[in-house]
Amino acid sequence: MSIQAAFTLQRSDFRLEVDFELPATGVTALFGPSGCGKTTLLRAMAGLERCTGYFRLDDQCWQNDDLFMPTHKRRLGYVFQEASLFAHLSVQGNLDYGWRRLPAALRRNDRDEIIDWLGLTPLLQQRATELSGGQRQRVAIGRALLTSPRLLLLDEPLSALDTRAKREILPLLERLSVQARVPVFYVTHAPEEVERLADRVLLMEGGSITHNDSLQQALARPRSPLFRDDEAAAILEGQLQQTLADGRRPFDGSAGRLWLAGPHTAGPGPVRLRILASDVSVALAPVPDISILNQLPARVQSLTPTSEGRVLLMLALAGGQQIPAQLSAYSVGQLQLTTGSECYALIKAAALVD
Ligand SMILES: Nc1ncnc2c1ncn2[C@@H]1O[C@H](COP(=O)(O)OP(=O)(O)OP(=O)(O)O)[C@@H](O)[C@H]1O
């Protein structure tokens, strides 16, 4: 189950040249500076740009040297920055547009479930012209999914929305790959959207893919363009549990149980945690009598000098999860840390991604 793609396209002063393979599941963010070719790559996958190359999705070939399947035959959903709904139709009419044209045997998504997930039930009778920007985008996403696509392409779907509307849609999009049940490509300029939604990241620059990473790898790169606070971070996925009587809140992820302190309004359920490299210290053995709640066994995977006197360590936790730690070169020397060293990651703080 994979996506295999290679595209070459020459414009007067821009060349797209990409070649990548990805698992055909989850959300892949396309991230990079303005003009690097993110939209052009989405359009190439959709068959809206005549590139040379190939595109394969599982057992289906949409393009190769001998074949160029036109866009309308590629089973894909495309959501643009500004939702282009049919103005003369109601929300229901827009949602049903693709749904009705699809033979029942090809319908893979549950219509009512998608309408419910996107909170569209109260809007069904409204005209498309009467909707707010956020509502329009929810309808556009619903309409795309109701065509039961094999691939979903979203081009900066939140960029035209105000902060309130973004806050309303982002939690819904967290369920995107589960609801869509197909691979999703998501173009964005916002690192916080990548952290919250992506499973993989294609980092682009000047028409090329510079890195094809898991989210963890992308965030852990020294000087990654994804840094929000100018430093490496880890995103841990897991289940948030109920707060205990003593105020601690358990979080169960692949690396085991972590304890969160402080007030969190989020209810129990799946969440992502963000841990900054500067909030991780390293010890050679568990440290008793210390206020730090979380001490996890770890192994040093790599050490990268960053700035004057600082070293970025990549630590592997149980279950394969990686987290970065930012230490002074002095501490690295004192602890004699090298690749393969066994140690403990002392996590001083972790924040819910929201
Ligand atoms: N229709 C077009 N004709 C000619 N050049 C184009 C066309 N569309 C885009 N370009 C150019 O191709 C390059 C890649 O554009 P593209 O829109 O794919 O970048 P992008 O990474 O999506 O940018 P942004 O983040 O600003 O949306 C840019 O130099 C752009 O000016």
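Procedures and definitions
Residues numbered from 1 in each chain as written. Predicted model: local features only at pLDDT ≥ 70, side-chain atom pairs only at ≥ 80, totals over all residues. Heavy atoms only, no water. Helix = DSSP H or I, 4+ residues; strand = E, 2+ residues; numbered from the N terminus. Buried < 20%, exposed > 50% of the residue type's maximum accessible area, 1.4 Å probe, protein only. Lys, Arg positive; Asp, Glu negative; His and termini not counted. Salt bridge = Lys/Arg side-chain N within 4 Å of Asp/Glu carboxyl O. Near = heavy atom within 4 Å. Polar contact = N/O pair within 3.5 Å; in protein donor to acceptor, adjacent residues only side chain to side chain. Areas by Shrake-Rupley, 256 points an atom, 1.4 Å probe, with all protein chains shown as cover. Pairing = 2+ DSSP bridges. Axes fitted to C-alpha atoms, helices over the stretch in contact; angles between N-to-C directions. Core = buried A, V, L, I, M, F, W, Y, C linked by side-chain atoms within 4.5 Å. Contact = heavy atoms within 4.5 Å. Domains from an automatic or database assignment. Buried area = accessible area lost by both parts, 1.4 Å probe. Nonpolar A, V, L, I, M, F, W, Y, C, P; charged D, E, K, R; others polar.

Draft legend 1. A look at the side chain of Glu156. Examined against the element boundaries, Glu156 turns out to sit in the loop between strand S8 (151–155) and helix H5 (163–173). Of the buried charged residues, Glu156 lacks a salt bridge, with Lys38 as the closest side chain of opposite charge at 5.5 Å.

Draft legend 2. Local environment of the site of the ligand. Close contacts around the ligand come from Arg11, Phe14, Pro33, Ser34, Gly35, Cys36, Gly37, Lys38, Thr39, Thr40, Glu156 and His189, and that covers them all. Taking Arg11, its side chain carries an N or O atom lying 2.7 Å from an oxygen atom of the ligand. At a separation of 2.9 Å, an oxygen atom of the ligand approaches a polar backbone atom of Thr39. Relative to its free-state accessible area of 630 Å², the ligand is covered by the protein chains to the extent of 57%.

Draft legend 3. Just the sheet that holds strand S20 (residues 342–347), in detail. Taken together, five strands build an open sheet; the order of strands is S16-S20-S17-S18-S19 and the sheet is antiparallel. Lying at the two open borders of the sheet, with one neighbouring strand each, are strand S16 (280–283) and strand S19 (322–328). Each strand of the sheet is rotated relative to its neighbour by a mean of 45°, with strand direction disregarded. Pairing between strand S17 (residues 294–305) and strand S18 (residues 310–317): seven bridges, direction antiparallel. Bridge assignment links Pro305 to a residue of S18, and that residue is Val311.

Draft legend 4. Region of the structure containing the pairing of strand S14 (residues 256–260). Sheet topology places strand S13 (residues 249–253) next to S14; five bridges connect them, and they run antiparallel. Residue Pro250 lies in a different strand from S14, and its bridge partner there is Trp259. The hairpin formed by S13 and S14 contains two residues between the paired strands.

Draft legend 5. Expanded view of the sheet that holds S8. In space, the six strands of this open sheet follow the order S7-S8-S9-S3-S10-S11, with mixed pairing throughout. Each having just a single partner strand, strand S7 (76–79) and strand S11 (208–214) make up the two edges of the open sheet. Between one strand axis and the next, the sheet turns through 15° on average, direction left out of account.

Draft legend 6. Spotlight on the nonpolar core. In terms of nonpolar packing, the biggest core is built from 37 residues, with Leu95, Trp117, Ile141, Leu152, Leu154, Leu173 and Leu176 touching the most fellow members. Mapped by element, the contributors of at least two residues to this core are helix H2 (91–101), helix H3 (111–117), helix H4 (133–145), S8, H5, helix H6 (176–180) and strand S9 (184–187). Here Leu152 is in contact with Gly77, Ala144, Leu145, Leu176, Ala180, Val182, Pro183, Val184 and Phe185, once residues within four sequence places are set aside. Phe14, Phe55, Tyr78 and Leu202 belong to the second-largest nonpolar core, a separate cluster that totals 31 residues.

Draft legend 7. Representation of the domain arrangement of the chain within the structure. Domain assignment breaks the chain into domain 1 (2–220) and domain 2 (233–352). In this assembly, eleven residues from domain 1 lie in contact with nine residues from domain 2. Interface area, domain 1 with domain 2, both sides summed: about 770 Å², of which 40% is carbon and sulfur. On the domain 1 side of the interface with domain 2, the three residues burying the most area are Glu195, Gln216 and Ala220, jointly 64% of the side's total. At the surface where domain 1 touches domain 2, the tally comes to two salt bridges. In this structure, Arg272 and Asp199 form a salt bridge, with 3.4 Å as the shortest nitrogen-oxygen distance. Between domain 1 and domain 2 we count seven residue pairs in polar contact (both at pLDDT 80 or more) in total. For the side of domain 1 that touches domain 2, the secondary-structure elements that each account for two or more residues are helix H7 (191–197) and helix H8 (215–220). Partitioning the side of domain 1 that touches domain 2 into residue classes produces six nonpolar, two polar and three charged.

Draft legend 8. Molecular detail of unusual backbone geometry. Not every positive phi belongs to a glycine, and Glu156 is a case in point at roughly 45°. Taking relative accessible area as the criterion, Glu156 reaches 12% and is therefore assigned buried. Of note, Asp289 is a non-glycine position whose phi angle comes to about 55°, a positive value. Counting through the fold element by element, Asp289 comes out in the loop between S16 and S17.

Draft legend 9. Just the pattern of salt bridges, in detail. Across all of its chains, the model carries 16 salt bridges by this definition. Across the salt bridge formed by Arg111 and Asp112, the nearest N and O atoms sit 3.5 Å from each other. A residue is classified by how much of its surface remains accessible, and Arg111, at 17% relative accessible area, is buried. Since its relative accessible area comes to 53%, Asp112 is described here as exposed. With a shortest N-O distance of 2.7 Å, Asp252 and Arg257 are connected by a salt bridge. Assessed through its relative accessible area of 24%, Asp252 is described here as partly exposed. Residue class for Arg257 comes out partly exposed when judged on its relative accessible area of 41%.

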